Amino acid sequence: MAEAADFQGTSPSPARRWLRRSGALLAGAPLLAGLLQLPFSTPSQAAEKAAVAAATGSSGPVDISLDSLSPSVPTDGDTITVSGSVTNTSKQTVTDGHVGIRVGPSLNTRSAIDTAAKRTSFQPGLDALEVGGKYVAKVTELAAGSSQHFSISVPVKDLDLGSDGVYQLGVSLTGRTTAQPWDQVLGIERTFLPWQPAAADTKTKTTYLWPLISTVHLTAETGSDAQQTPVFKNDDLAKEISPGGRLDQLLSLGSQLDVTWVLDPDLLASVDAMRGGYRIQQENRTTIAGRNQAVANAWLDKLEKTVRDQSVVALPFADPDLASLAHHGKDVTGSLSHLKDATDVAAGTVETIVHVKPNTEFAWPADGAVDPSIVKVATSAGADKVIARSDSLRETGGLSYTPSAARPIGGGTTAVVADQRLSTAFQGDMMKADNSTLAVQKFLAQSLMINLQESKDARSIVVAPQRMPTASQAQSMAEGLRALQQGNWSESQGLIEAAKAKPDPGATTKVPPTSSYPSSLRHRELPRAAFERIQATQAKLDKFRMTLTDESRVVTPFGRAIDRGMSASWRGRSTEAAAFRQGVETYLDSLMGLVHLIKKSDAKLSGRSATIPVTVQNNLVQGVGHLMLRLTSQQPTRLKIGNGPYDERPIQVAGEHSQSVKFTTSTKANGPVQVIAQLYTEDGQPYGAPVSFEVKVTEITSTVMLVIGGGVLLLVLAGFRMYTQRKRSAARQAEEDAENGSEGGGESKGTDGTVDTDTTEDSEAGPEQAFDSESGADDPEHPSDPTPDTAPESADPSGTGERVDR
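How each quantity is defined
Residues numbered from 1 in each chain as written. Predicted model: local features only at pLDDT ≥ 70, side-chain atom pairs only at ≥ 80, totals over all residues. Heavy atoms only, no water. Helix = DSSP H or I, 4+ residues; strand = E, 2+ residues; numbered from the N terminus. Buried < 20%, exposed > 50% of the residue type's maximum accessible area, 1.4 Å probe, protein only. Contact = heavy atoms within 4.5 Å. Axes fitted to C-alpha atoms, helices over the stretch in contact; angles between N-to-C directions. Parallel < 35°, antiparallel > 145°, perpendicular 65-115°, else oblique. Left-handed = near helix turned anticlockwise from the far one by under 90°. Nonpolar A, V, L, I, M, F, W, Y, C, P; charged D, E, K, R; others polar. Pairing = 2+ DSSP bridges. Phe/Tyr/Trp six-rings, centres within 6.5 Å; stacked < 30°, edge-to-face > 60°. Lys NZ or Arg CZ within 6 Å of the ring centre and 35° of its normal. Expected span 1.5 Å × (residues − 1). Core = buried A, V, L, I, M, F, W, Y, C linked by side-chain atoms within 4.5 Å. Polar contact = N/O pair within 3.5 Å; in protein donor to acceptor, adjacent residues only side chain to side chain. Salt bridge = Lys/Arg side-chain N within 4 Å of Asp/Glu carboxyl O.

Let's talk about the overall build of the chain
Helix and strand counts for the chain come out as 20 helices and 29 strands. Counting only residues that meet the buried cut, the chain has 50% of its 806 residues in that class. Taking all contacts inside the chain whose residues are at least 6 apart in sequence as the whole, residues at least 24 apart take part in 78%.

Structural data, given as structure tokens:
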């Protein structure tokens, strides 16, 4: 917070300590000239000579690693133990060395702590004399490149600590080298010793945010089964929540501390999705079964027990990037509505899974960086408190102390300003014990210095660490916070109480302009194209949902996937983020494509009217409706659909079924006509790809009918002629038979008095009589018979189940 907050208000150290350190300062100056001229020096003179060289910038040939300091916050009667190692980084052997402790002088400002932490070389006066005596660790010989462990224990009473305050604690190695065979300081490491042996009259109220946030793990894809089995990008979440994993350690460590839990509902929803069975996406787009259901159950059960009766804040679902929305997304229509949706589902998600009602009034921009547009976007979804940071909302009023976190910034909005030094204390590589120890001691030193500053009232300080601390960072955070909560100058407070604290009248309340937003953060934001892609996906989803009989099976998973597409966890991972958003849209397209028109081949129509069937296929597991199927003629003067250029019918198709719809057509002229079938939503938006095919119209005209009639008449006349000719031939034969009979004795009579004649005429006439009387297939069509509506179906291949009905 305030760089001007530099007045400690402490009393002077005891006389003995003052004289001792003042003597070291006074002795340094006159010794410098003589030291440079002596070939051999006493140990103390050599140390001062080395100090002069160190002051020019050399950090020395020995590297000192301070791996532990216990206790971190000593009190009367304690014994401090400092452990670590010394490493010879030079090419010369170090001999006759020892490791010693240097305590003091005390620091009186927060800036002084920062300055001391940056120094790497020994500086006389700024670095006190060794405690010496028996409180050293001997280093007889240290070869080039070798290391040696050390441990030194010193009773607090022998450190001559004075009044409450922050003291420098240095660990140095004094020894000789071949090139410089006199005692000298060859390396030093500094840290800080907070000294508050008795309870402070006024304690700082400290709020520490403990975030449970992860990256995006779930895809939009779900199984077609009733449970809608979720599909994960990978199984990394199982690693995080497994015993020893990052999130498991965060949960275990936080359960032992008094903190405010900050939860991303997406993390809880993702772990909850694992409990009932899940699948993992492979590189070839296939999926395999996940096997960590028991791990998910155990972690959520542990979380539920831990946060019961605790202060819990829920971020909007998937922790949307507020700065990216403000700078690139707010001008894309519909983007802010996603933030509102993500906020609305946050409380219900947390309460359903861990049975705790969270607070959803807080917005947390990335790194606490704010400008007017970020504040406006952050509060647009209902939040009225914005977690900022003191390196963004800087103090400009010249306060001599660090003010309380709560600031009214107008419009009924409160900025809760986290302290930048405390919030960033545990960033970086905390896997090295040296880094962790230094971070813990500096964190405690800055906290104590805040309490020692001159202020009339108790203040509320908020610490907002990095969103996703590593396991080692979490361990360091917990160590520092545990020591703080056991100390005598701070007491814990929840975030809600911190936001309600009385603001300092001199604290700044002016939100910095957009131009002051850090470029390093701006370069990591989601681009405008990301929000345009999100909105395009939302538009498709809105169209798709209108057609479904059970939209929840699609709207819920895709709605949450869209939220994940604008998560702050994508910062710095633009390629992965773009691939995720594209994957969501591609999967939605594939689902929408399961409801489609079956392709048709070209058809032929002959006659004045016919019906054309079009088939809709639904391969979804649920039914679809609220669709219209429209068939349109591109040349209505030649071919009409219904009574005009097009006709349309409502469509409802059960899951995994198809439906054919028949359209009546009428022809006006011969020739090819392009016909287009297209599905539409009820509000007139095209749905899916159209199906186009050609209809060839070949109408039977009156001329054709006359030709056919003439042909039939010719056939009848030819038959009649054949009949008369055969009759005449039979009559001539009868006459000839009669003449032959007269010459041979006349007609032959039967016994019954009748004349017996040949049956040739009857037998010849019989077939003709039979042809005339039959009405089988050989009967020619009468000119007046009605003609068929259509000619035979096209011999061309057609689509599955498709035909032109005759």
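Some details on the packing of helix α17 (residues 552-564) against helix α18 (residues 574-592)
Interhelical geometry of α17 versus α18 gives an angle of 160° and a closest axis separation of 9 Å. As summarised for this structure, α17 and α18 are arranged roughly antiparallel, according to the angle between their axes. As α17 runs across α18, the sense of the crossing is left-handed. Seen from α17, the contacting residues are Phe 558, Ala 561 and Arg 564; seen from α18, they are Phe 580, Val 584, Tyr 587, Leu 588 and Leu 591. Residue composition of the contact of α17 with α18, by class: seven nonpolar, no polar and one charged.

Quick look at the sheet that holds strand β22 (residues 603-605)
In space, the five strands of this open sheet follow the order β22-β29-β28-β24-β26, with mixed pairing throughout. Two strands bound the open sheet, and with one partner strand each, they are β22 and β26 (646-653). On average, each strand axis in the sheet is tilted by 30° relative to the strand beside it, whichever way the strands run. Where strand β28 (residues 671-681) meets strand β29 (residues 686-697), nine bridges bridge the pair, whose relative direction is antiparallel. Bridge pairing links Pro 672 to Lys 696 in β29.

A few points about the packing of aromatic side chains
A complete count under the given rule lists six aromatic pairs for this structure. Measuring from centroid to centroid gives 6.2 Å for Tyr 208 and Phe 443, while their planes differ by 70°, and the two rings are edge-to-face. Taken as a pair, Tyr 208 in strand β8 (residues 204-212) and Phe 443 in helix α12 (residues 433-452) lie far apart in primary sequence, 235 residues in all. Note on Tyr 208: relative accessible area 2%, which makes it buried. Relative accessible area serves as the criterion here: at 1%, Phe 443 is assigned to the buried category. Ring geometry for Phe 232 versus Tyr 278: centroids 5.2 Å apart, planes at 70°, classification edge-to-face. Taken together, the positions of Phe 232 in strand β10 (residues 230-232) and Tyr 278 in the loop between α6 (265-275) and β12 (279-281) put the pair 46 residues apart, joining distant regions of the chain. Per residue, the accessibility class of Phe 232 equals that of Tyr 278, and both read buried. Ring pairs connect the aromatic residues Tyr 208, Trp 210, Phe 426 and Phe 443, which therefore count as one cluster. One residue, Arg 630, lies across the ring of Tyr 680, its end atom 4.4 Å from the ring centre.

Things to note about the sheet that holds strand β5 (residues 147-155)
Taken together, three strands build an open sheet; the order of strands is β1-β2-β5 and the sheet is antiparallel. In this open sheet, the two strands that pair with only one neighbour each are β1 (62-70) and β5. In this sheet, neighbouring strand axes are inclined to one another by 20° on average, regardless of whether the strands run parallel or antiparallel. As defined by bridge partners, strand β2 (residues 79-88) adjoins β5 across nine bridges and the pair is classed as antiparallel. The residue bridging Val 86 from the neighbouring strand is Gln 148, located in β5.

So, helix α13 (residues 471-486)
Given a rise of 1.5 Å per residue, 16 residues ought to cover 22 Å, and the 23 Å separating the end C-alpha atoms of α13 matches this to within 8%. Listing the buried residues of α13 in full gives Ala 471, Ser 472, Gln 473, Ala 474, Ser 476, Met 477, Ala 478, Gly 480, Leu 481, Ala 483 and Leu 484. For α13, the elements touching its buried residues are β8, α5 (246-254), α12 and β20 (490-492).

Things to note about the nonpolar core
A general trend in soluble globular proteins is that nonpolar side chains are found buried together. Membership of the largest hydrophobic core comes to 73 residues, with the highest contact counts inside it found for Phe 544, Phe 558, Leu 597, Leu 629, Leu 631, Ile 651 and Val 695. Broken down by element, this core gets its largest block of residues, seven residues, from α18. Apart from the residues within four sequence positions on either side, Val 695 is in contact with Ala 603, Leu 605, Ile 612, Leu 639, Gly 671, Pro 672, Val 673 and Val 675. In terms of nonpolar packing, the next biggest core, distinct from the first, is built from 65 residues, Phe 232, Leu 267, Val 463 and Trp 489 among them.

A closer look at the environment of Gln 310
With respect to the helices and strands, the residue Gln 310 is situated in the loop between α7 (293-307) and β14 (312-314). Note: C-alpha distance between Gln 310 and Ser 255 (55 residues apart in sequence) is 9.9 Å. Apart from the residues lying within four places of it in its own chain, the contact partners of Gln 310 are Val 259 and Trp 261.

As for the side chain of Arg 102
Looking at the secondary structure, you find Arg 102 in strand β3 (residues 94-107). When its relative accessible area of 6% is taken as the criterion, Arg 102 is described as buried. From its side chain, Arg 102 meets the backbone oxygen of Ala 128 in a polar contact 2.9 Å long. Sequence-distant contacts of Arg 102, that is, excluding residues within four places in its chain, are made with Phe 122, Ala 128, Leu 129, Glu 130, Gln 168, Leu 169, Gly 170, Ser 172, Thr 174, Val 185 and Ile 188.

Looking at the pattern of salt bridges
With the rule as written, the count across this model stands at 31 salt bridges. The salt bridge partner of Arg 119 is Asp 127, with a shortest N-O separation of 3.4 Å. Of the two residues, Arg 119 and Asp 127, neither departs from the other in class, the shared state being buried. The closest approach of N and O atoms between Glu 576 and Arg 573, which form a salt bridge, is 2.9 Å. By relative accessible area, Glu 576 is classed as partly exposed at 41%. Under the relative-accessibility criterion, Arg 573 is labelled partly exposed at 21%.

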